[in-house]
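Below are the chains, spelled out letter by letter.
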Amino acid sequence: MTQLHIEGAALIAMLAAMPLISWGSTGGPDVATVVGAVLLAAGLITLTALRFVNLEGES
Amino acid sequence: MSSLPAHLHVLAQASGETGDVPVDFWRWLLALSPILLLLVLLVVLGWGATEAGPLAVVLSAVAAVVAFEAPLQTLVVAGAKGVWDSVPILLVIVAALLLYRVGTAAGAFHALRIGVQQQSRNEVFLVLGFGWVFASFAQGIAGFGAPIAIVAPILLALRVRPVYAVVIPLIGHAWAKFFGTLGVGWVATLQVTDVEDPQMTALLTALLLLIPIFAAGIAIAWMMGRLAGVRHALPMILIIGTVLGAGQIGFVLVSPELSSFLAATLALLCLYPLSRWSRYRNEAPLDDLPAMSAEKSADDTEEPAPVMGLGWALFPYAVLTVVSVLVLLVEPVAALLEQVSFAPSFPEVSTGFGVVNEGMAAYEPLTPLSDPGGFLLLAALVSWPVYRARGYFQAWRDRADPPPILSTTVSDSVPALTAVVTFLVLASVMSHTGQTEVLALGIAAVAPPLVYAFLANIIGIIGALVTNSSTSSNVLFAPVHTTIAETQGVSQAAVLAAQSAGGAVGNVVAPTNLILGTTTTGISGQEGAILRKTIPWAAVVAVLTGVATIALI
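What you are looking at is a predicted structure, and each value in this text was computed from that prediction instead of being measured.

**A closer look at the overall build of chain A**
Here is step 1: Each helix and strand in chain A was counted, giving two helices and zero strands.
Here is step 2: Relative to its 59 residues, chain A shows a buried fraction of 42%.
Here is step 3: Partitioning the intrachain contacts of chain A with sequence separation of at least 6 by distance along the chain shows that 57% fall at a separation of at least 24.
Here is step 4: Of the roughly 3,100 Å² of accessible surface on chain A, 70% is carried by carbon and sulfur atoms.

Listed below in structure tokens is the structure:
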């Protein structure tokens, strides 16, 4: 898996978080907000961690 | 006049209360810390934006919880809003890269360089023409960083070094940020605060914007050929600068919303007679052109003939201009296209200090068909089959080896998109938790009236740096300035003008603009190198604007 793939996955996680948080916080189930928050945090943490690991396929 | 999506953006951000956050030195320093961290990581340590952005978000979130009494729900909603805020910019990035790759695969940029050099072989004239005048024109009709994404690849085609290809349009179009895109920054200011004398405020703003107009022309000429470059470009700088500056001052009295667009259009028309002048038709008599790529005339004689004429090379930009002007100026067309609209809902969130962000059933509606990203995408999708039908892709493949369009667009986009999302999450977290207001109030609290007047434009710059938008800078800080101007007894018109000019200038250090430029010129990760050139320019302009503001109050 290259850096580009991981960055892409982090991006998708952050984009997917938005509708889940919107839905969960405006009448939807709380679990949607929780999953959205976890996805958003995971995306940010993954991007930060990428600085400190060496992967092939520099993006 | 059509209502703009950006207006809705303004209204969305304006809704809420700034609360009662204690403004002390430590809170001010904590609010500043994510920005300081970003600058250190980007400029000093040379990290890329994708790496620096997430760390700044984490620091901002920790500061929000520790010192700004932000509950977790507020952070989560702010983060989600930040992701949504980034979507229009993501569209611009993907569409601009697609347009760039279509042009590259068809040999359009090669043809563009050959074509414009037949009109003028003067590099200083061409770079000022595209990087200053055309970028300003593009800002008159588009926003969200589109002028940088459009002009930087063109400058690259003219053999400007990549870092300069980003820096030049960044500073070249900054002045047009406030009254550009149908005056969205101006309209926003009128919406969020009670402007006592709108005409005087608009006039003073246009006067202060003379500084970045001329500073841009001089700086670009300096980058091209140092002092000799400035001397050579001086007549052009004076003519174009006067048309842009005096044009905007004149038009702002009649229609602030159209003033940048009309002034930039006039300046664009002035380029033709200037290109007929032998001074700017022939090569610039300069020994050294530090902003230009070294490999020049050596391979000029050996390079392949263009596959298309200048007209076809400019075809995507003609499509872009026609569509943009049509949508922005013809209300029925805009109204029709704005029918396609998406918007998420968000609840009201607040902090322990009473910073309230109201709930919204439709937060910042995205209207992709009438946004700059949509215009760029249309230009790319129209040009692609047209170039294919005329056989340009095949003809250029026979002479060069261009990379594939779609896969390269995707691989170029991903790092830029992640960085933009993180920066807008950062902006949203800071504004939802009162950190951005504390930054401005902290400066005003310790500054006597004259110092405050001097610093007013720097508050605007900080706003644009934090929010990546001159409009959002004014939305956040114009009401703050109104309050401070009243308590300190200084002219509201002058400080609002300084804030607006600062917000426009701040775009040269706004992270998302840097990313747009580095991505479309293939130097992702070199945002720090761009900042090392734009920060000194912004500092000089800020000092001059501060001095001018003191004279105006």
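**Remarks on helix H7 (residues 146-157) of chain B**
Residue and element names in this part refer to chain B.
Here is step 1: With 12 residues, H7 should cover 16 Å at 1.5 Å per step; its first-to-last C-alpha distance of 17 Å lies within 8% of that length.
Here is step 2: By the criterion of burial, H7 is predominantly enclosed, with 11 of the 12 residues buried.
Here is step 3: Two residues or fewer after H7 comes Arg 159, characterised by a positive phi angle close to 75°.

**Section: the interface of chain A and chain B**
Here is step 1: In this assembly, 20 residues from chain A lie in contact with 25 residues from chain B.
Here is step 2: Around 2,100 Å² of area is buried between chain A and chain B when both sides are counted, 82% of it from carbon and sulfur atoms.
Here is step 3: At the junction of chain A with chain B, the criterion picks out zero salt bridges.
Here is step 4: Linking chain A to chain B there are one residue pair in polar contact (both at pLDDT 80 or more).
Here is step 5: If you list the elements that add at least two residues to the side of chain A that touches chain B, you get helix H1 (3-25) and helix H2 (30-50) of chain A.
Here is step 6: Of all the elements, H1(A) adds the most residues to the side of chain A that touches chain B, at 10 residues.
Here is step 7: Here the residues of the side of chain A that touches chain B are counted per class, giving 11 nonpolar, seven polar and two charged.

**Topic: the nonpolar core**
Residues and elements named next belong to chain B.
Here is step 1: Counting residues in hydrophobic clusters, the biggest one holds 204 residues, and the most contacted among them are Phe 130, Trp 132, Leu 155, Ile 240, Met 308, Leu 376 and Trp 537.
Here is step 2: Here the element with the most residues in this core is helix H4 (residues 72-106); it accounts for 21 residues.
Here is step 3: In this structure, Leu 376 is in contact with Val 92, Ala 95, Ala 96, Leu 99, Ala 146, Ile 150 and Leu 320, ignoring residues within four places of it in sequence.
Here is step 4: Listed in part, the six residues of the second largest apolar core include Val 192, Val 195, Ala 478 and Leu 496.

**Some points on the UniProt feature "transmembrane region" (unreviewed entry) in chain A**
Residues and elements named next belong to chain A.
Here is step 1: Under the UniProt annotation, "transmembrane region" (unreviewed entry) lies at residues 7-25 and 31-53.
Here is step 2: Summarising residues 7-25: 100% helix, 0% strand, and an end-to-end C-alpha distance of 27 Å.
Here is step 3: Secondary structure content for residues 31-53 is 87% helix and 0% strand, while the C-alpha to C-alpha distance between its ends is 32 Å.

**Describing the side chain of B:Asp412**
Residues and elements named next belong to chain B.
Here is step 1: Along the chain, the position of Asp 412 falls in helix H20 (residues 405-432).
Here is step 2: Side-chain polar atoms of Asp 412 contact the side chain of Arg 101, separated by 2.8 Å.
Here is step 3: With sequence-adjacent residues up to four places away left out, Asp 412 is seen in contact with Leu 97, Arg 101 and Thr 519.

**Digging into the pattern of salt bridges**
Between side chains of opposite charge, a pair can form as their charged atoms come close.
Residues and elements named next belong to chain B.
Here is step 1: For the coordinates displayed, the defined rule picks out two salt bridges over all chains.
Here is step 2: Two residues, Arg 27 and Asp 24, come together in a salt bridge whose shortest N-O distance is 2.7 Å.
Here is step 3: Judged by its relative accessible area of 31%, Asp 24 is partly exposed.
Here is step 4: Measuring nitrogen to oxygen at the nearest pair gives 2.8 Å for the salt bridge that ties Arg 101 to Asp 412. Residue Arg 101 is found in helix H4, and its partner Asp 412 is found in helix H20; the two are separated by 311 residues along the sequence.
Here is step 5: On the basis of relative accessibility, which here comes to 13%, the residue Arg 101 falls in the buried class.

**Some thoughts on the packing of aromatic side chains**
Working definition: an aromatic ring pair is given by the centre-to-centre distance plus the angle between the planes.
Residues and elements named next belong to chain B.
Here is step 1: Throughout the structure, instances matching the rule amount to 14 aromatic pairs over all chains.
Here is step 2: Aromatic pair Phe 25 and Trp 26: ring centres 5.4 Å apart, planes at 70°, arrangement edge-to-face.
Here is step 3: With a relative accessible area of 62%, Trp 26 lands in the exposed category.
Here is step 4: Both rings, one in Tyr 387 and one in Phe 393, keep their centres 6.5 Å apart while their planes meet at 75°; by these two values the pair is edge-to-face.
Here is step 5: Residue Phe 393 is classed as buried on the basis of its relative accessible area, which comes to 4%.
Here is step 6: Feature note: the residues Phe 130, Phe 134, Phe 137 and Phe 261 constitute an aromatic cluster, connected by ring pairs.

**Quick notes on the layout of surface pockets**
Residues and elements named next belong to chain B.
Here is step 1: Of the pockets and cavities examined, the second largest pocket occupies roughly 580 Å³.
Here is step 2: In terms of lining, the second largest pocket is formed by 20 residues, of which the most central are Val 116, Phe 130, Leu 268, Leu 271 and Leu 314.
Here is step 3: Taken together, the elements giving at least two residues each to the lining of the second largest pocket come down to helix H5 (108-119), helix H6 (123-141), helix H12 (256-276) and helix H16 (315-329).
Here is step 4: Take the lining of the second largest pocket: its biggest share by element is six residues, from H6.

**Here we look at a negative patch on the surface**
All names here are of chain B.
Here is step 1: A cluster of acidic side chains, namely Asp 194, Glu 196, Asp 197 and Glu 486, defines a negative patch on the protein surface.
Here is step 2: With respect to the secondary-structure elements, Glu 486 resides in helix H23 (residues 470-488).
Here is step 3: Relative accessible area serves as the criterion here: at 64%, Glu 486 is assigned to the exposed category.

**Some points on the environment of A:Ala16**
Here is step 1: Here A:Ala16 lies in helix H1.
Here is step 2: A residue is classified by how much of its surface remains accessible, and A:Ala16, at 32% relative accessible area, is partly exposed.

Cut-offs applied
- Residue positions within a chain follow its written sequence, with the count starting from 1.
- Whichever chain is written first is A, and whichever ligand is written first is 1; the rest continue in order.
- Local features in a predicted model are, by the rule used here, given only for residues with pLDDT of at least 70; side-chain atom pairs are given and counted only at 80 or more, and totals for whole chains, interfaces and linings are based on all residues.
- Side-chain figures throughout are based on the complete set of non-hydrogen atoms in the structure, without hydrogens or water.
- Elements are defined by DSSP. Helices are runs of H or I of four residues or more, strands are runs of E of two residues or more, and each kind is numbered from the N terminus.
- Partly exposed describes any residue whose relative accessible area lies between the buried limit of under 20% and the exposed limit of over 50%, with all areas from a 1.4 Å probe on protein chains only and scaled to the type maximum.
- In this analysis, two residues are considered to be in contact whenever any of their non-hydrogen atoms come within 4.5 Å of each other.
- For every accessible area listed, the method is Shrake-Rupley and the probe measures 1.4 Å; residues are considered covered only by the protein chains on display.
- Each residue after the first adds 1.5 Å to the expected span of a helix.
- Buried area counts how much accessible surface, traced with a 1.4 Å probe, disappears from two parts once they are put together, with both parts' losses summed.
- When a carboxyl oxygen of Asp or Glu is within 4 Å of a side-chain nitrogen of Lys or Arg, the pair counts as a salt bridge.
- For the purposes of these results, a polar contact is taken to be a pair of N or O atoms within 3.5 Å, where, inside protein, one atom must be able to donate a hydrogen and its partner to accept one; residues adjacent in sequence count only when each atom of the pair is a side-chain atom.
- For this classification, Asp, Glu, Lys and Arg are treated as charged, while Ala, Val, Leu, Ile, Met, Phe, Trp, Tyr, Cys and Pro are nonpolar and the rest, including Gly, are polar.
- Buried Ala, Val, Leu, Ile, Met, Phe, Trp, Tyr and Cys residues that are joined via side-chain atoms within 4.5 Å together make up what is termed a nonpolar core.
- UniProt positions are given in the numbering used here, feature names are shortened, and annotations may be inferred rather than shown by experiment.
- In this analysis, rings of Phe, Tyr and Trp, with Trp reduced to its six-membered ring, are considered paired at centre separations within 6.5 Å, and the interplanar angle assigns stacked below 30 degrees, edge-to-face beyond 60, and tilted for intermediate values.
- Using a grid of 1 Å spacing that covers the protein atoms alone, one calls a set of points a cavity when a 1.4 Å probe fits there but cannot get out, and a pocket when the set is open and has protein on both sides within 12 Å along at least five of seven lines; lining residues are those with an atom within 4 Å of a point.
- Grid points are joined across faces, edges and corners, and a volume is the space filled by probe spheres set on the points.
- Only residues whose relative accessible area exceeds 30% and that take part in no salt bridge are eligible for patches, with like-charged residues grouped when within 9 Å of each other and nonpolar side chains (Val, Leu, Ile, Met, Phe, Trp, Tyr) grouped when within 5 Å.
- The convention is simple: Lys and Arg are positive, Asp and Glu are negative, and His and the chain ends are not counted.
- Charge placement uses NZ in Lys and CZ in Arg. For Asp and Glu, CG and CD serve respectively.

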